[in-house]
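Reading the structure
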Amino acid sequence: MHDIRTLRDDATLFDAAMARRGLPPAAAGILAQDSERRAAQTALQEIQSFRNALSKRIGEARRKGEDSAALEAEVSAKRAEMEALEKKVAGLDKAIFDTLAALPNVLDGDVPEGPDESANVVLKQVGAPTDLGFEPKQHFELGEALGMMDFETATKMAGSRFTILRGGLARLERALGQFMLDTHTTQHGYTEHTVPFLVNDATMFGTNQLPKFAEDSFRTTDGRWLIATSEIPLTNTVAGEIVPEAKLPIRLTALSDCFRSEAGASGRDTRGMLRQHQFRKVELVSIVHPEQSVAEQERMTASAEKVLELLGLPYRRVVLSSGDTGFGAVRTFDLEVWLPGQQMWREISSCSNTRDFQARRMNARFRNAEGKVGGFVHTLNGSGVAVGRALIAVMENYQQADGSIRVPEALVPWMGGAEFIRKV
RNA sequence: GGAAGGGUGGCCGAGCGGCUUAAGGCGCACGCUUGGAAAGCGUGUGUGCGUGAAAGCGUACCGAGGGUUCGAAUCCCUCCCCUUCCGCCA
């Protein structure tokens, strides 16, 4: 959510920022409505002031037992004009709010220019693409052969883009989630949370799922929403709060199921469990002082990278281009893991700084050492990492020629000591 | 789901149609007092918006949204949330 003052201060700069997002100039139209609104509000306030003064005199007159009919008539005469102005102000307020709420965040200066993911820039690579020494299989081939990944039965009961895991792979998914949570809580200072998977409209607005991206989420019959990521409940823990500065930074993590309608993704990644309506993810959220968000994004991304390093997965860090950066982010680092079966780097984590964009929507502020409200906090979110995709990555990178899966060393304690997943 | 009681400023809490730009207290800030502190005393202490060079002035805000009225924290309606009891239930 933008502060209208940034448009008033420099409309050209704002339009330039929107142009980087591929959007037409918007400032002039909004500012025209803004000045119209202010004029109407001033006119309204003059009438309100007049009314308040007369109402006071009416009260005094009545207490003295005098006749107040003339004064009452004088106020009543203004009624139509006042209602019209109230309506105008409210209408313009809503129009301006709706427009601002639908505009994406202003990108950081160091975000590379480009129309889409083709312009993303690789910042570093850790590990080389795995050389297995035989023809690698894709995860769904491996999983089905093991009898532990069942798309057919899941589709029967729920439709496409659902998967049933069994036995060793179900255990592996659980182990990955526990391992990631334990890593972030014991090594990176994040506090574990369990959160609601169903949330209300205001919460969805706070983390930018609403109003623009309603079709990406599932809605319940009682008007709630299934969370698309635990970023939503975690970040909204500070909604409406004034956090003492001494409590910052606040670092939160949760393992949750995530629900996405994948509207508009038809035909993409239809094989296997790369893109599902329901998947598990360990999320990292940081609530920080405004001066700390740039450093925190680096720290958060490093925390996610640590998980991939411990799992021994080749990955690279990519900074998303202007055309690929999400609505609420000023800058996003993606982590891409190597998938031997696909012979491709695929996204497994996305770490974004939103600065005060979400905080403004949620009205999340901090109180400084002097006890004054110091402004909006900055919020960041990142996957630490996507559990379903980590499962795929482990399967494809640790597959053996006989179709079994070796368990990464770091994961063995969470697997009850098992070192291999074999067909039973 | 049913019944009752509630939601007021950073916190507690009064107010239940005009004298409230919300009493009082706590907390906080500054000052007086003191060798220093505590206590005491005094002063100040919300947010948004509009207007203004500024000081200031105006306006809105007492869970949210509507309504009644010359005037609403106060009355009416709808919704949300909290507490207690009952019912149901992993």
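Residues numbered from 1 in each chain as written. Chains lettered and ligands numbered in written order. Predicted model: local features only at pLDDT ≥ 70, side-chain atom pairs only at ≥ 80, totals over all residues. Heavy atoms only, no water.

Quick look at the sheet that holds strand 7 (residues 242-244)
The following threshold applies: At least two bridges found by DSSP between two strands is the condition for calling them paired. For helices the rule is a DSSP run of H or I covering at least 4 residues; for strands it is a run of E covering at least 2, with both sets numbered from the N terminus onward. Every axis in this analysis is a line fitted to C-alpha atoms, fitted for helices over the stretch in contact. Angles between the N-to-C directions lie between 0 and 180 degrees.
The strand order 7-13-14 describes an open sheet built from three strands, whose pairing is mixed. If you trace the sheet from one side to the other, it starts and ends with strand 7 and strand 14 (373-376), each paired once. Strand after strand, the sheet turns through a mean of 30° between neighbouring axes, direction not considered. Summarising the sheet, strand 7 and strand 13 (residues 365-367) pair through three bridges and their orientation is parallel. Considered in strand 13, the bridge of Val-243 is made with Phe-366.

Describing the pattern of salt bridges
When charged atoms on two side chains of opposite charge get close, those side chains can pair. The condition that has to hold: Any carboxyl oxygen of Asp or Glu within 4 Å of a side-chain nitrogen of Lys or Arg constitutes a salt bridge here. In this scheme, a residue with accessible area under 20% of its type's maximum is buried, one over 50% is exposed, and one in between is partly exposed, where area comes from a 1.4 Å probe on protein chains only.
Overall, the coordinates contain 28 salt bridges when judged by the stated rule. We note a salt bridge from Asp-34 to Arg-37, for which the minimum N-O separation is 2.8 Å. With Asp-34 and Arg-37 both in helix 3 (residues 27-63) and three residues apart, this pair spans about one turn of that helix. The same class applies to Asp-34 as to Arg-37, namely buried. With a shortest N-O distance of 3.0 Å, Lys-124 and Glu-305 are connected by a salt bridge.

Notes on unusual backbone geometry
Cis rather than trans, the peptide bond between Leu-210 and Pro-211 has omega equal to 5°. Tracing the backbone shows Pro-211 in the loop between helix 9 (201-206) and strand 6 (225-226). The amide bond that connects Leu-248 to the next residue, Pro-249, takes the cis arrangement and shows omega of -5°. With respect to the element layout, Pro-249 can be found in the loop between strand 7 and strand 8 (250-259). Its identity is not glycine, yet Glu-262 carries a phi of approximately 55°, on the positive side. With respect to the helices and strands, the residue Glu-262 is situated in the loop between strand 8 and strand 9 (278-288). Even without a glycine there, the phi angle at Arg-355 is positive, about 50°. With respect to the helices, strands and loops of the structure, Arg-355 is situated in the loop between strand 12 (344-353) and helix 12 (357-362).

Section: the domain arrangement of chain A
In plain terms, the rule: Domains are outlined according to an automatic or database domain assignment. Note on definitions: a residue-residue contact is assigned when non-hydrogen atoms from the two residues lie within 4.5 Å. Note on terms: buried area is the combined drop in 1.4 Å-probe accessible area of two parts once they are placed together, counting the loss on both.
The domains assigned to chain A are domain 1 (4-101) and domain 2 (117-421). The C-alpha centroid of domain 2 is placed 44 Å from the C-alpha centroid of domain 1. On the domain 2 side, the residues contacting the four residues of domain 1 number eight residues. Between domain 1 and domain 2, the buried area comes to about 480 Å², and carbon and sulfur atoms account for 42% of it.

Here we look at the nonpolar core
Convention followed: Take the buried residues of types Ala, Val, Leu, Ile, Met, Phe, Trp, Tyr and Cys, join any two whose side-chain atoms come within 4.5 Å, and each joined set is a nonpolar core.
Counting 48 residues, the largest nonpolar core has Leu-172, Leu-176, Met-180 and Ile-421 as its most contacted members. Of all the elements in the fold, those that place two or more residues in this core are helix 6 (139-146), helix 8 (167-187), strand 9, helix 11 (293-310), strand 11 (331-339), strand 12, strand 15 (378-386) and helix 13 (387-397). In contact with Ile-421, not counting residues within four places along its chain, are Leu-146, Met-148, Gly-168, Leu-169, Leu-172, Ser-404, Ile-405, Val-407 and Met-415. Counting 21 residues, the second largest nonpolar core, distinct from the first, contains Ala-17, Ala-26, Met-204 and Leu-210.

Here we look at helix 3
Basically, it comes down to this: Helix span, as expected, comes to 1.5 Å for every residue beyond the first.
The first and last C-alpha atoms of helix 3 sit 53 Å apart over 37 residues, in line with the 54 Å expected at 1.5 Å per residue. Along helix 3, the positions that sit buried rather than exposed are Ala-27, Ile-30, Asp-34, Arg-37, Ala-40, Leu-44, Ile-47, Leu-54, Ile-58 and Ala-61. The inward-facing, buried residues of helix 3 abut helix 1 (4-9), helix 2 (11-20), helix 4 (69-77) and helix 5 (79-101). Gly-65 sits one or two residues past helix 3 and shows a positive phi near 80°.

Re the pairing of strand 10 (residues 315-319)
Counting buried positions over the five residues of strand 10 gives five, a clear majority of the element. Burial along strand 10 is two-sided: Tyr-315, Arg-317 and Val-319 facing one way and Arg-316 and Val-318 facing the other are all buried. Examined bridge by bridge, strand 1 (residues 121-126) and strand 10 share five bridges and lie antiparallel to one another. Bridging across to strand 10, Val-122 finds its partner in Val-318. As paired strands, strand 10 and strand 11 are joined by five bridges and run antiparallel to one another. The residue of strand 11 that forms the bridge with Tyr-315 is Val-337.

Let's talk about the pairing of strand 15
The buried count for strand 15 comes to nine of nine residues, which makes it a mostly enclosed element. Across seven bridges, strand 9 lies against strand 15 in antiparallel orientation. For Val-285, the partnering residue across the bridge sits in strand 15 and is Asn-381. Relative to strand 15, strand 12 is paired through three bridges, and the arrangement is antiparallel. Looking at the pairing, Ser-352 lines up with Asn-381 of strand 15.

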